[in-house]
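Single-letter residue listing:
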Amino acid sequence: MSVLVIAEHDNAALKPATLNAVTAASKLGGDVAVLVAGQGCGAVADAATKIAGVAKVLVADAAPYAHPLAENLTPLVVGLAQGYGHVVATATTFGKNLMPRVAALLDVQQISEVMAIEAPDTFVRPIYAGNALATVKSSDKIKVMTVRATAFEAAATGSGSAAREDVAATADAGLSRFVGQALSKMERPELTAARIIISGGRAMQNGENFKMLEEVADRLGAAVGASRAAVDAGYVPNDYQVGQTGKIVAPELYIAVGISGAIQHLAGMKDSKVIVAINKDEEAPIFTVADYGLVADLSKAIPELKAELDRTKP
Amino acid sequence: MKVLVAVKRVVDFNVKIRVKADKTGVETANVKMSMNPFDEIGVEEAVRLKEGGKATEIVAVSMGPQQCQETLRTALAMGADRGIHVLSDAELQPLAVAKLLKAIVAKEQPQLVILGKQAIDDDSNQTGQMLAALLGWSQATFASKIALGSAEAEVTREVDGGLETVAIKLPAVVTTDLRLNEPRYASLPNIMKAKKKPIDQMAPSDLGVDVTPRLATLKVEEPPKRKGGVKVGSVAELVDKLRNEAKVI
Ligand SMILES: Cc1cc2nc3c(=O)[nH]c(=O)nc-3n(C[C@H](O)[C@H](O)[C@H](O)COP(=O)(O)OP(=O)(O)OC[C@H]3O[C@@H](n4cnc5c(N)ncnc54)[C@H](O)[C@@H]3O)c2cc1C
Ligand SMILES: Nc1ncnc2c1ncn2[C@@H]1O[C@H](COP(=O)(O)O)[C@@H](O)[C@H]1O
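All of the points below concern the structure found in this document. Just so you know, these numbers come straight off a predicted model, no measurement behind them.

1. Description of the overall build of chain B
Helices and strands together make up the secondary structure of chain B, namely six helices and 13 strands. Overall size of chain B, expressed as C-alpha extent along the three principal axes, is 65 × 45 × 40 Å. Sequence separation of at least 24 residues holds for 69% of the intrachain contacts in chain B that already meet a minimum separation of 6. Distance between charge centres in chain B, computed from 35 positive and 32 negative side chains, equals 2 Å.

2. Some points on the interface of chain A and chain B
Taken residue by residue, the interface counts 88 residues in chain A and 80 residues in chain B. Between chain A and chain B, roughly 6900 Å² of surface is buried when both sides are summed, and carbon and sulfur atoms account for 54% of that area. When residues of chain A are sorted by the area they lose upon contact with chain B, Gln109(A), Tyr128(A) and Tyr292(A) head the list and together hold 12% of the total. At the junction of chain A and chain B, the tally comes to six salt bridges. Inspection of the chain A/chain B interface yields 51 residue pairs in polar contact (both at pLDDT 80 or more). Note: strand S11 (residues 176-183) of chain A against strand S9 (residues 162-169) of chain B, seven bridges, orientation antiparallel. Residue pairing in the sheet places Ser176(A) in a bridge with Ile168(B) of S9(B).

3. Looking at the pairing of S9(B)
Residue and element names in this part refer to chain B. Counting buried positions along S9 gives six out of eight residues, so the element sits mostly inside the fold. Here strand S8 (residues 152-159) pairs with S9 via eight bridges, running antiparallel. When the bridges of S9 are listed, Val-155 appears paired with Val-166. Connecting S8 to the next strand, S9, in antiparallel fashion are two residues.

4. So, the sheet that holds strand S16 (residues 292-295) of chain A
To summarise the sheet geometry, strands pair through backbone hydrogen bonds and adopt either a parallel or an antiparallel arrangement. With respect to topology, six strands assemble into an open sheet ordered S13(A)-S12(A)-S14(A)-S15(A)-S16(A)-S13(B), the strand pairing being parallel. Edge strands, defined here as strands with exactly one partner in the open sheet, are strand S13 (223-226) of chain A together with strand S13 (230-232) of chain B. Neighbour to neighbour, the strand axes of the sheet diverge by 20° on average, direction disregarded. For strand S12 (residues 196-200) of chain A and S13(A), the ladder comprises four bridges, and the chain directions are parallel. Across the sheet, the residue bridging to Ser199(A) is Gly225(A), located in S13(A).

5. Regarding unusual backbone geometry
Most peptide bonds are trans, and most residues other than glycine sit at a negative phi. Residue and element names in this part refer to chain B. For the bond from Leu-170 to Pro-171, the omega torsion is 0°, close enough to zero to count as cis. A positive phi angle, near 60°, is found at Lys-23, a position not held by glycine. Relative to the assigned elements, Lys-23 resides in the loop between strand S2 (9-11) and strand S3 (33-35). A residue is classified by how much of its surface remains accessible, and Lys-23, at 38% relative accessible area, is partly exposed.

6. As for the nonpolar core
Most often, soluble globular proteins keep nonpolar side chains buried together rather than apart. Leu4(A), Ile6(A), Leu35(A), Val87(A) and Met63(B) are the most contacted members of the largest nonpolar core, which totals 60 residues. Tallying contributions element by element places helix H3 (residues 94-108) of chain B first for this core, with nine residues. Excluding residues that lie within four positions of it along the chain, Leu35(A) makes contacts with Leu4(A), Val5(A), Ile6(A), Ala7(A), Leu58(A), Leu76(A), Val77(A), Leu80(A) and Val167(A). Core analysis: the second largest hydrophobic core is formed by 43 residues, Leu14(A), Ala21(A), Val114(A) and Ala134(A) among them.

7. Observations regarding the site of ligand 1
Of all residues adjacent to ligand 1, which total 28 residues, the nearest are Arg202(A), Ser227(A), Thr245(A), Ser260(A) and Gln264(A). Taken together, the residues near ligand 1 originate from chains A and B. In this structure, Gln241(A) approaches ligand 1 through a side-chain N or O atom, which is 2.8 Å from an oxygen atom. At 3.0 Å, a side-chain N or O of Asp297(A) approaches a nitrogen atom of ligand 1. The fraction of the free accessible surface of ligand 1 (990 Å²) that becomes covered by protein chains is 84%. At the level of secondary structure, the elements contributing two or more residues to the shell around ligand 1 comprise helix H6 (228-232) and helix H7 (263-269) of chain A together with helix H1 (37-51) of chain B. Looking at the shell around ligand 1, its residues break down into eleven nonpolar, twelve polar and five charged.

8. Side note on a nonpolar patch on the surface
Residues and elements named next belong to chain B. A cluster of nonpolar residues, Leu-188, Ile-191 and Met-192, forms a patch on the protein surface that exposes about 290 Å² of accessible area. Assignment of secondary structure puts Leu-188 in helix H5 (residues 188-194). Residue Leu-188 is classed as exposed on the basis of its relative accessible area of 62%.

Cut-offs applied
- Residues numbered from 1 in each chain as written.
- Chains lettered and ligands numbered in written order.
- Predicted model: local features only at pLDDT ≥ 70, side-chain atom pairs only at ≥ 80, totals over all residues.
- Heavy atoms only, no water.
- Helix = DSSP H or I, 4+ residues; strand = E, 2+ residues; numbered from the N terminus.
- Contact = heavy atoms within 4.5 Å.
- Lys, Arg positive; Asp, Glu negative; His and termini not counted.
- Charge placed at Lys NZ, Arg CZ, Asp CG, Glu CD.
- Buried area = accessible area lost by both parts, 1.4 Å probe.
- Salt bridge = Lys/Arg side-chain N within 4 Å of Asp/Glu carboxyl O.
- Polar contact = N/O pair within 3.5 Å; in protein donor to acceptor, adjacent residues only side chain to side chain.
- Pairing = 2+ DSSP bridges.
- Buried < 20%, exposed > 50% of the residue type's maximum accessible area, 1.4 Å probe, protein only.
- Axes fitted to C-alpha atoms, helices over the stretch in contact; angles between N-to-C directions.
- Core = buried A, V, L, I, M, F, W, Y, C linked by side-chain atoms within 4.5 Å.
- Near = heavy atom within 4 Å.
- Areas by Shrake-Rupley, 256 points an atom, 1.4 Å probe, with all protein chains shown as cover.
- Nonpolar A, V, L, I, M, F, W, Y, C, P; charged D, E, K, R; others polar.
- Patch = residues over 30% accessible without salt bridge, like charges linked within 9 Å, V, L, I, M, F, W, Y side chains within 5 Å.

Next up, the structure:
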């Protein structure tokens, strides 16, 4: 049986997380097809044909898909799904919004946030904020799943040569409308794609102080993240949040500044390769997962860090 | 309009969970249980809609063992008007919960159903979307703001890139995100009053729903533990270690 991957994109470019879904899909056995549904999404479809390991790209280019409304995308995906053994998307807000709707109409139990594939019907997924890992076996005919991007490598791009096939669009469901969006300007790498992340917590005290972190981030080519407390307090926008209910990240280096290390925060970053914690409380739980801990006041340590990075710049 | 809120009983978010030695699951005996935090936010939102004159009645629904009645009492103490308890000692997976909720919606005819975006035990993040699908209704997931009209609701959603606003036709399903509101604590008088509010109890079979799980849990294990590392004495030492030992910068 083949696998259908639902591409995430903004009609201009493919979201990198789709590449991780393709890698997961290729571990399920069978040909991998990618669905690009959008409006004016030709460039995305072209890019999808070049992903290594993709056999076919299905393109649905029509007005109802101008924005990724689950109500409009679901009938399209459900219609196509019948011919596949698995339907896969990344566990981003896009995939989380769409896939359960698809699964329900196919009468299957979705498998969320798959971290490992043991067999085509057996998967490992985190529960309780990643404090336990469950191995589950699906008895459904079609497996609908979301996969955790950080658990799978990104598929290579540029080398593939998949066939492109247009598919008939479904009608507007007439249930919902896109009104607008306020997306964060990204001058730095996106959190989920960054090699280095520096995150601030409640102890940053205000949005102004986050500028100190940005200055360090710029020197490291890093993305800036935050704890829920910092987001709730309004220091930074919601999309900075790392954790059980925010973004799951696994960079090469994660620097936690003034973050206590609540399990909900750890859930989002404890798979990082190297963790640094800077906290003035030596008992802070974040130190139990940190490879390098610095007990210090951040108002002193962060400017020092910036200066030291400049001084030792190779 | 009538509002239905789903409230799940889960292990309290502060509990450090332990995996059972036989790997069949997580230790839940003698562990503090609470209402799923996202569902507290859902109840709070419904109560505010009622206080604002937009909602007329709030029905809270919980599914699971007998103790779900405590969770329902909490919802009633926060301001819900009555409760529905679907009693089941068997595991209920999101698809089954969505089907049960669909059957309750058919009876109750609410204009709005509010669920949490995810239950912090199974972390599935599915039930609301599945319910909307089964009903053929619109959905607004991960809501951080709801402006309710008579035929439509405008909902701001927390998405990966920032915020998105959608207009959804009523009746609709909304799932809550953390920043939708800050739930109130129930006052003592309201806790007393809640004891007298009605809770209806029924079984999945009364609703004609087959709740057989589709996913079998083969085992539950602890994730690999991270070893704690070293403390460094200064920023200079930290930078040196990152450059020359870990080689990550
Ligand atoms: C359902 C649910 C979901 C949640 N999801 C998330 C999530 O996705 N992500 C998330 O992060 N949290 C989440 N939380 C919240 C989580 O439980 C914690 O409340 C939160 O992570 C705390 O943020 P913090 O570490 O910034 O703040 P605090 O816990 O207040 O920690 C601040 C730290 O800063 C240190 N500090 C203070 N001053 C200084 C200084 N001058 N210099 C250096 N250090 C200093 C303190 O010692 C302390 O350790 C969730 C909670 C719930 C209930
Ligand atoms: N057993 C249950 N009883 C009541 N509500 C539930 C139950 N299971 C899930 N829900 C609702 O569905 C939401 C999402 O749960 P889940 O899809 O399991 O992450 C929860 O926040 C609840 O609002």
